[in-house]
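# Fold and geometry: a report
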Amino acid sequence: MTEKRLKTGSDFTWKDMEVGNIVTEVGNASVRKTGDWRTKRPILDREKCTKCALCWIYCPDAAIKPSEEGYYESDLYYCKGCGICASICPAGAITMIEEEEK
Amino acid sequence: MPCRSYNYDRGGRKMSKRVGLEASHAAAEAARMADVDVIAAYPITPQTHIPERLAEMVANGELNAAYIPVESEHSALSACLGAAAVGARTFTATAGQGLELMHEVVYVASSMRYPIVMTICNRALSAPLSVWGDHSDAMAVRDTGWIQVFCQNNQEAFDMTLWAFRVGEDSRVLFPVMVHFDGFHLSHVTEPVILPEQKEVDRFLPRFQYPFALNPDKPMTHGAFGPPDIYAEAKVAQEVAFRKSKGVIIQGFKEFGDIFGRYYHPVEPYKTEGARTLLLTMGSFSETAKIAIDTKKNKGESVGLINLRLWRPFPFEELRQAVKDAETLIVFDRCISFGGPGGPVSSEIRSALYNEKERPRGVSFVGGLGGRDMSVKDFEYVIDRGREIVEKGSEELFETVGIRGKVTGIRG
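Now for a look at the structure at hand. None of these values were measured; they are calculated from a predicted model.

### Observations concerning the packing of helix α10 (residues 285–298) of chain B against helix α13 (residues 376–392) of chain B
Residue and element names in this part refer to chain B. Taken N-terminus to C-terminus, the directions of α10 and α13 make an angle of 65 degrees; their axes are 8 Å apart at the nearest point. Relative to α13, α10 is oriented roughly perpendicular. Here the hand of the crossing between α10 and α13 comes out right-handed. Across the interface between the two elements, F285, T288, A289, I291, A292, I293, T295 and K296 of α10 pack against V376, F379, E380, I383, D384 and R387 of α13. Taken together, the residues of the contact of α10 with α13 sort by class into 8 nonpolar, 2 polar and 4 charged.

Laid out in structure tokens, this is it:
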């Protein structure tokens, strides 16, 4: 997970709220953790992955990013667990598992 | 207090003029003298004369503003939100059903802290269909977070509209303001109104400097989503800021008085000194009730009147101070809170006094619904019957005035 520098919702007390709840910092939508209501998460099998990047293209939330080795991994800070990546993967390298499972 | 005098400059010259105006035209005149930038309004009886007059002023070049004709009140206030977001001085007006149709946007305006000024020509709510006056529309927006004042006469309709811009736009406030005046009783009745000189208005009302105006050079987000981890903090911050606005509200009354000579207060006592029985009213009925007080005082009765001007934020301290020495407090409502504890004003007053060690006995009356007249004699009846209820009690939770047939079945 990348370092998050801007404040997000639970960092604010009521006294920190700007007039009219206006957000004066630009680009802080990325700070908001939106991957916390996922019920399933994608698991990548690197043995099967061909690095074709289709999952990266299809992810509706831009939550998949290439790693340094060139594999496409999901950023669970944003991933909603929709399963599109698993469905589109031509190599069958992505499986969705229940969040409770290890 | 209505004032019938002129203002004079240092050379003794008259600085203002006295003209005959209905409250609607007085409010439009106030918006013009405030040099509003944007008006978005939809005509509805009895508010129609306000947007009509303003549209005329814009068309004639008397007022350099954008007049946005819209297809509904919902759109009217929505257009005002957009205008206020870029820092425009923004005005609208509505009444009754129009205010109801606007309802969801009414909350948005206050929560986003846009200091829009809206005059309401108070009107009853359907059904049965009624274009005539009462306070049902005002009470339905009681909790929307707008600063709200009631006017007794046309001069006040002018004064409060001007004052509303001064207070709402103050950087310590930034809340929208509703100026209530009674439909037809004021909106369509011509009275003498003192109009100030433009330079006096300019002295009272500085240009609107909205600190968060939308600007492509300085991007920011208005109206962001509020998930459960931040919504509650946002609402508490709004509530604290709203209550704090009372200081500026009172300062605004003082500044207004210092420039124009007419001083207003959140709670306005009339001949209450030493009075054992007090009657509390709002809006134009206060002037009728004052005549009833005069009549009774001339007969030696110990009575006085409280005119409640500031409705939100509610003036708790001022009210407690005003009624603390009275034995009986009769509250007159122009609205029914169906199945509730009485009229909305009455229940608020009772609630405000509940924890006081010494407080007057409270009596509640409802009348003047849907344009039904309340005469001086009717208010004399309210006072007489109110005192009787304190002595002998009443089987009803609140009593009504002028209803044909004996009213029973309003019990707690």
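Having seen the structure, we can now continue with the description.
### Structural notes on the pairing of strand β6 (residues 147–150) of chain B
All names here are of chain B. Here β6 shows a buried face lined by I147 and V149 and a second buried face lined by Q148 and F150. In this structure, β6 lies alongside strand β7 (residues 177–182), joined through 4 bridges in parallel fashion. Note on β7: the bridge partner recorded for I147 is V177. In this fold, β6 hands off to helix α7 (residues 154–168), which returns the chain to β7; that crossover is right-handed. By the bridge criterion, 2 bridges tie β6 to strand β12 (residues 310–312) in an arrangement that is antiparallel.

### Things to note about the interface of chain A and chain B
Interface size, as often reported, equals the accessible area lost upon joining of the parts. Across the boundary between the two partners, chain A contributes 15 residues, which contact 19 residues of chain B. Between chain A and chain B, roughly 1,400 Å² of surface is buried when both sides are summed, and carbon and sulfur atoms account for 69% of that area. For the pair chain A and chain B, the number of links is 1 salt bridge. Close ionic contact of R32 of chain A with D229 of chain B constitutes a salt bridge, the shortest N to O distance being 2.8 Å. Here the side of chain A that touches chain B is built from residues that sort into 7 nonpolar, 6 polar and 2 charged.

Conventions used here
Residues numbered from 1 in each chain as written. Chains lettered and ligands numbered in written order. Predicted model: local features only at pLDDT ≥ 70, side-chain atom pairs only at ≥ 80, totals over all residues. Heavy atoms only, no water. Axes fitted to C-alpha atoms, helices over the stretch in contact; angles between N-to-C directions. Helix = DSSP H or I, 4+ residues; strand = E, 2+ residues; numbered from the N terminus. Parallel < 35°, antiparallel > 145°, perpendicular 65-115°, else oblique. Left-handed = near helix turned anticlockwise from the far one by under 90°. Contact = heavy atoms within 4.5 Å. Nonpolar A, V, L, I, M, F, W, Y, C, P; charged D, E, K, R; others polar. Buried < 20%, exposed > 50% of the residue type's maximum accessible area, 1.4 Å probe, protein only. Pairing = 2+ DSSP bridges. Right-handed = clockwise from strand over helix to strand, strands pointing away. Buried area = accessible area lost by both parts, 1.4 Å probe. Salt bridge = Lys/Arg side-chain N within 4 Å of Asp/Glu carboxyl O.

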